[in-house]
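Below, each chain spelled out in residue letters.
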2 protein chains.
Amino acid sequence: MTRKRVTLRDVAAAAGVHASTVSRALDPRTRARVNAAVVQRVVEISERLGYRPNAAAYSLRTSRSRTIGVIVPDIENPIFPPMVRGVERTLLAHGYYAILGNTDGDQAREHMLVKGFTARGIDGLVLASVNREDRVARDAALGGTPVVTVNRRLDDPTVSSVVHMEDSGVLRALTHLVSLGHRRIAVIAGPQDTSTGAERLESFLRHRETLGIADDPRLIAFAGAYSEGEGERCLEELIVRRAPFTAIFCANDRLAIGALAALGRRNVACPGDVSVVGYNDMPMVDRIHPPLTTVRVQQYQMGVEAAAILLAMIDGAGEARHAVLPVELVIRGSTRALAAAEAG
Amino acid sequence: MTRKRVTLRDVAAAAGVHASTVSRALDPRTRARVNAAVVQRVVEISERLGYRPNAAAYSLRTSRSRTIGVIVPDIENPIFPPMVRGVERTLLAHGYYAILGNTDGDQAREHMLVKGFTARGIDGLVLASVNREDRVARDAALGGTPVVTVNRRLDDPTVSSVVHMEDSGVLRALTHLVSLGHRRIAVIAGPQDTSTGAERLESFLRHRETLGIADDPRLIAFAGAYSEGEGERCLEELIVRRAPFTAIFCANDRLAIGALAALGRRNVACPGDVSVVGYNDMPMVDRIHPPLTTVRVQQYQMGVEAAAILLAMIDGAGEARHAVLPVELVIRGSTRALAAAEAG
DNA sequence: CTGTTAGCGCTTTCAG
DNA sequence: CTGAAAGCGCTAACAG
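Residues numbered from 1 in each chain as written. Chains lettered and ligands numbered in written order. Predicted model: local features only at pLDDT ≥ 70, side-chain atom pairs only at ≥ 80, totals over all residues. Heavy atoms only, no water.

A. Molecular detail of the protein's contact with DNA strand C. With respect to spatial proximity, 24 residues lie near DNA strand C, and among them A:His18, A:Arg61, B:Leu8, B:Tyr51 and B:Arg61 are the closest. A:Ser20 places a side-chain nitrogen or oxygen 3.4 Å from a base oxygen of DNA strand C. In this structure, B:Leu8 approaches DNA strand C through a main-chain N or O atom, which is 2.4 Å from a phosphate oxygen. When residues of the surface near DNA strand C are traced back to their parent elements, those giving at least two are α2 (19–26) and α4 (55–62) of chain A together with α2 (19–26) and α4 (55–62) of chain B. Per-element tally for the surface near DNA strand C: the top contributor is α4(B), with four residues. (Near = heavy atom within 4 Å. Polar contact = N/O pair within 3.5 Å; in protein donor to acceptor, adjacent residues only side chain to side chain. Helix = DSSP H or I, 4+ residues; strand = E, 2+ residues; numbered from the N terminus.)

This is the structure in structure tokens:
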């Protein structure tokens, strides 16, 4: 039952040629150098015998594994599966496979994973949601492993990345709120050691004056993590400060969901009393109550681009590359126009 | 910069011993056979040199890769990430890595993936959501690859599986509805070529009489897939048939979400006019409107168990093993008691 | 165009 | 307890 694996040698013997000829005949890159008739016979026989090249031998010999490591903080966080899917599909189309790791946002764990992956000779690394100064990512890149970060980027432009046009997203969200009459807009900012957290806040601050948004430090709360729990906590913090606001701009959807939950608990109606905007348009936020107005990013496409960049780097494109994808605003039920009387 | 990888030989040379001694000293299983002092020196030097064993060489030599393939229909379907996470974490604790593939429910794709994974010498396979007769799974298992299916199982008990107590889940859901006064309960059944679809329907039919639920074939609709779209379609089908019902039992949450959407479009209130029960308790269904009453399954734990079974099989536990996990009912806002006047 | 040779880095007999 | 030797299956020079 456990029929022995058929090797190159077996095919060679059956075809009456040498193993190296079989190797050449089966590799599209070297096939041209072999007699066409031989190629045909070899291909046929290898198929009949059910020959499957041994990846370990290939890898040992060439020190390429056709495997790339994909590291996310937590695949259970709904923003990652589409990205992973984009990576996986693109990779597969090129004969590469994805090996997956979760860090739980822990750098030590990330370090271990990268070490483990490197030991098994991965050809490259896709790192989702690194921090702005991510030693692990930097070291891997410095060590010669092709690396591309996705969703966020390092401050160091040496490492390839795929991210979104943060400024454009923030501007759209704010313009929307302002057009609805909101001026006292609170912000739940993301962790400032992440590129997204820092850039989104920076954009808010930059556009605040231009758009006529109230400049009040009491309206800015800082989340320590992109979690529902932090969203709730920040909302409480904003309320305790007693600076009135009619809308909240959240640095991501999970913070927004937390804020919504806390609002509900305090019997503050959304969008009746306060409008809420999220960021990411992660799955299901169109089905929650109220359906969330948010900035849509291209999770899947990010994965596709990341894989493409990685593949190019593996094929020797030395330079780091950076892709920046456009975003769009998705208006749903969590934002509404201020009645004239309410306008402040 | 691209410092050459340090090999066993390098460590051996530095330690003044033979490579095979280093190999023995570094392997916990054979370490006992080496002089303690030598072990210590070797370990120390290998650490100082930053020695990382070459996985390809190990794999070529032993034909074990410490890698297992995890195949899901679509990682973007929210029920899979927790399961994948459970597998990954358990595997990692044992020095194994997970390589991920998506099939989109396509058997041909599944076949390709399994072939690809097998070629790279995976030590085992976790297959999520196979059909009852899944050739690919059967063939892989027959071919000697340790296989465990998760979430669903084959009709063939030869292949290990981790599933839930379907009958218990269905009974809880129905008992809940009946206790609320519902007797005319419609069913949106899952695909019957899946174990979950078939078993949940079978349980419904079995308990229907005992519980005093109306026996009316017009109240059963069959979904062709576990998708929101099919949920919507089935709901329309049920309505068109003009057989009244006060509650709907859906074979999974996505069908329920679709049903909810279709209900909303027709201005039928849930739970006001009709109660809805889902199945799985997938992430976010507690935040939708109305929060979904559903049967909670242990996605994460399934992954953990699957990995454990697989590891045991790899270590030579010949027999197939089957784990069946308990479920619980989570009552939320989508179900409510029938007023006495409404009771049919 | 094809065969020969060597060796990737590791584990595992087999001697000693 | 340790060294020597062989070889897993493959590719990449190098001859011919």
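B. Main features of the relation of the copies chain B and chain A. Superposition of chain B onto chain A requires a rotation of 180 degrees combined with a translation of 0.0 Å along the rotation axis, giving an RMSD of 0.1 Å. The superposition operator between the copies reduces to a two-fold rotation axis. When you check the interface residues of chain B against chain A, 100% turn up at the interface there too, and the contact is symmetric in its surfaces. (Least-squares fit on C-alpha atoms with pLDDT ≥ 70 in both. Contact = heavy atoms within 4.5 Å.)

C. Spotlight on the interface of chain B and chain A. With 52 residues of chain B at the contact, the number on the chain A side is 52 residues. When the two sides are added together, the surface that chain B and chain A hide from each other amounts to roughly 4,400 Å², 59% of it contributed by carbon and sulfur. On the surface where chain B and chain A come into contact, there are six salt bridges. A:Arg85 is the partner of B:Asp74 in a salt bridge, and the nearest nitrogen-oxygen pair spans 3.3 Å. Those elements that place two or more of their residues in the side of chain B that touches chain A are α4, α5 (80–93), β2 (97–102), α6 (107–119) and α11 (253–265) of chain B. Looking at the side of chain B that touches chain A residue by residue, the classes come out as 27 nonpolar, 10 polar and 15 charged. In this structure, strand β2 (residues 97–102) of chain A lies alongside β2(B), joined through three bridges in antiparallel fashion. Residue A:Ile99 lies in a different strand from β2(B), and its bridge partner there is B:Ile99. (Buried area = accessible area lost by both parts, 1.4 Å probe. Salt bridge = Lys/Arg side-chain N within 4 Å of Asp/Glu carboxyl O. Nonpolar A, V, L, I, M, F, W, Y, C, P; charged D, E, K, R; others polar. Pairing = 2+ DSSP bridges.)

D. Seen up close, the nonpolar core. By size, the foremost hydrophobic cluster in this structure holds 114 residues, and its most contacted members are A:Met83 and B:Met83. Beyond its immediate chain neighbours, meaning those up to four positions away, B:Met83 contacts B:Val70, B:Val72, B:Val126, B:Ala128, B:Val150, B:Gln299, B:Tyr300, B:Met302 and B:Gly303. (Core = buried A, V, L, I, M, F, W, Y, C linked by side-chain atoms within 4.5 Å. Buried < 20%, exposed > 50% of the residue type's maximum accessible area, 1.4 Å probe, protein only.)

E. Quick look at the domain arrangement of chain A. All names here are of chain A. By the assigned domains, chain A splits into domain 1 (8–53), domain 2 (64–164 + 299–325) and domain 3 (166–297 + 329–343). Here the C-alpha centre of domain 3 lies 30 Å away from the C-alpha centre of domain 2. Facing 10 residues of domain 2, the contacting portion of domain 3 comprises 14 residues. Across the domain 2/domain 3 interface, buried area totals approximately 1,200 Å², and carbon plus sulfur atoms make up 51% of it. Three residues stand out in domain 2 for area buried against domain 3, namely Arg 132, Arg 152 and His 164, and they jointly supply 43% of the buried area on that side. One can count one salt bridge joining domain 2 with domain 3. One salt bridge connects Glu 199 with Arg 153, and the closest N-O pair in it is separated by 3.2 Å. Where domain 2 touches domain 3, the interface holds six residue pairs in polar contact (both at pLDDT 80 or more). (Domains from an automatic or database assignment.)

F. Broad picture of the packing of aromatic side chains. Taken as a whole and assessed by the stated rule, the structure comprises four aromatic pairs over all chains. Taking the ring centre of A:Tyr279 as reference, the NZ or CZ of A:Arg200 above it sits at 3.7 Å. (Phe/Tyr/Trp six-rings, centres within 6.5 Å; stacked < 30°, edge-to-face > 60°. Lys NZ or Arg CZ within 6 Å of the ring centre and 35° of its normal.)

G. Inspection of the protein's contact with DNA strand D at higher detail. Neighbouring DNA strand D are 23 residues, the closest being A:Leu8, A:Tyr51, A:Arg61, B:Thr21 and B:Arg61. A:Leu8 is positioned with one of its backbone polar atoms (N or O) 2.4 Å from a phosphate oxygen of DNA strand D. A per-element tally of the surface near DNA strand D places α4(A) first, with four residues. Tallied by class, residues from the surface near DNA strand D come to nine nonpolar, nine polar and five charged.

H. Looking closely at the sheet that holds strand β6 (residues 185–189) of chain A. All names here are of chain A. A sheet is described by the order of its strands in space; here six strands give the open sequence β7-β6-β8-β9-β10-β12, paired in mixed fashion. At either end of the open sheet lies a strand with only one pairing partner, and these are β7 (220–222) and β12 (328–330). The average undirected angle you get between the axes of adjacent strands in this sheet is 20 degrees. As judged from the four bridges shared by strand β9 (residues 275–280) and strand β10 (residues 293–296), these two strands associate in the parallel manner. Following the sheet pairing, Tyr 279 is matched in β10 by Val 295. The strands that helix α9 (residues 195–211) touches are β6, β7 and β9; relative to β7, the one it contacts most, it runs at about 170 degrees. Here helix α11 (residues 253–265) sits on the sheet and contacts β6, β8 (247–250), β9 and β10; the angle it forms with β9, its principal contact strand, is near 155 degrees. (Axes fitted to C-alpha atoms, helices over the stretch in contact; angles between N-to-C directions.)

I. Up close: α6(B). Residue and element names in this part refer to chain B. The first and last C-alpha atoms of α6 sit 18 Å apart over 13 residues, in line with the 18 Å expected at 1.5 Å per residue. Buried within α6 are the following residues: Glu 110, Leu 113, Val 114, Gly 116, Phe 117 and Ala 119. Two or three places before Ala 108, at the start of α6, stands the capping residue Asp 106, its side-chain oxygen 2.8 Å from that residue's backbone nitrogen. Positive backbone phi, at 70 degrees, marks Gly 121, one or two positions downstream of α6. (Expected span 1.5 Å × (residues − 1).)

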